[in-house]
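Coordinate analysis (summary)
Chain by chain, the residues:
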Amino acid sequence: MSPYIAPTAFTLFLLTAGNALAQQAGDETPARAEVALSNDTMQLRYLGSGRSAGVEGSRIAGSFFLSEERDIVLSAAMLFPADIDVGIGALSILIGPQAYAALLEDENSDVMSLALGTELRLLLNRRLGLAVSGQAFYGPDILTFGSADNLTDLSARVEVNVAPRLTAFGGMRWFEFDLAEGEGTRTLQEEVFVGVGYRF
């Protein structure tokens, strides 16, 4: 049995439990489901309230990523609002951990990583829902296991409301692993993406 079956099962459990907690939280912030597509990748993502953790404004997120090479990555995050006064009322900052479980195309090339990072979102026009946002997560060697030494996941996007519950977005993502034993870098995504999100 692969030693990464257990971590992967744990990540699936975290995603399922997070969904249940968000639905029970009763937070006024709506949950959201998203699908993002690029030429070589697809990602399904769920975002919900993390209010059950006892922190107002916190958020959970879970995603399923698939590449053209049949790389599969499951991830789950718990993000908390940062109490930082930057003098811009429409800017929100979240920080926290995100766990990744990757089943790469090559045999015996699975990766488990616990990354730390942040998400920034600047609302430009509330009526249109026009906003720009960015995410940055890094999993260091000490918290990355398997066939990789570290993980880098960076993205930036622009989003706008196209219907009362529907949001369209587009951006760029850089998602890669530094492989162990000097085998170079494995890039899962480095290209433009577009997508839609639906608020429940």
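To start, this report covers the structure provided alongside it. (Residues numbered from 1 in each chain as written. Predicted model: local features only at pLDDT ≥ 70, side-chain atom pairs only at ≥ 80, totals over all residues. Heavy atoms only, no water.)

1. Things to note about the overall build of the protein
In terms of regular secondary structure, the protein is built from one helix and 11 strands. Listed by position from the N terminus, the elements making up the protein come as α-β-β-β-β-β-β-β-β-β-β-β. In the protein, which comprises 200 residues, the share counted as buried stands at 42%. Residue pairs in contact within the protein that sit at least 24 positions apart in sequence constitute 51% of those at least 6 positions apart. Put simply, the protein shows about 10700 Å² of open surface, and 60% of that area lies on carbon and sulfur atoms. (Helix = DSSP H or I, 4+ residues; strand = E, 2+ residues; numbered from the N terminus. Buried < 20%, exposed > 50% of the residue type's maximum accessible area, 1.4 Å probe, protein only. Contact = heavy atoms within 4.5 Å. Areas by Shrake-Rupley, 256 points an atom, 1.4 Å probe, with all protein chains shown as cover.)

2. What about the pairing of strand β6 (residues 110-125)?
Both strand β5 (residues 91-103) and β6 contribute to a ladder of 13 bridges, which runs antiparallel. Note that in β6 the partner of Ile95 across the bridge is Thr118. In sequence, β5 turns back onto β6 through a hairpin of six residues, with Asn108 there showing a positive phi of about 55°. Direction of pairing for β6 relative to strand β8 (residues 144-146): antiparallel, over a ladder of three bridges. When the bridges of β8 are listed, Ser113 appears paired with Thr144. In this sheet, strand β7 (residues 130-139) lies alongside β6 in antiparallel orientation, the contact comprising nine bridges. Considered in β7, the bridge of Leu120 is made with Gly134. Once β6 ends, the chain turns through four residues before running back antiparallel as β7, passing Gly129 with a positive phi of about 70°. (Pairing = 2+ DSSP bridges.)

3. Some details on the pattern of salt bridges
The tally for this structure, following the rule as stated, stands at 10 salt bridges. Across the salt bridge formed by Arg45 and Glu119, the nearest N and O atoms sit 3.6 Å from each other. Taken together, the residues span a long stretch of sequence, with Arg45 in strand β2 (residues 41-49) and Glu119 in strand β6 at a distance of 74 residues. By relative accessible area, Arg45 is classed as buried at 15%. Here Glu119 ties to Arg59 by a salt bridge, and the two come within 2.6 Å at their closest N and O atoms. Here Arg59 lies in strand β3 (residues 59-67) and Glu119 lies in strand β6, a separation of 60 residues in the sequence. Residue class for Glu119 comes out buried when judged on its relative accessible area of 9%. (Salt bridge = Lys/Arg side-chain N within 4 Å of Asp/Glu carboxyl O.)

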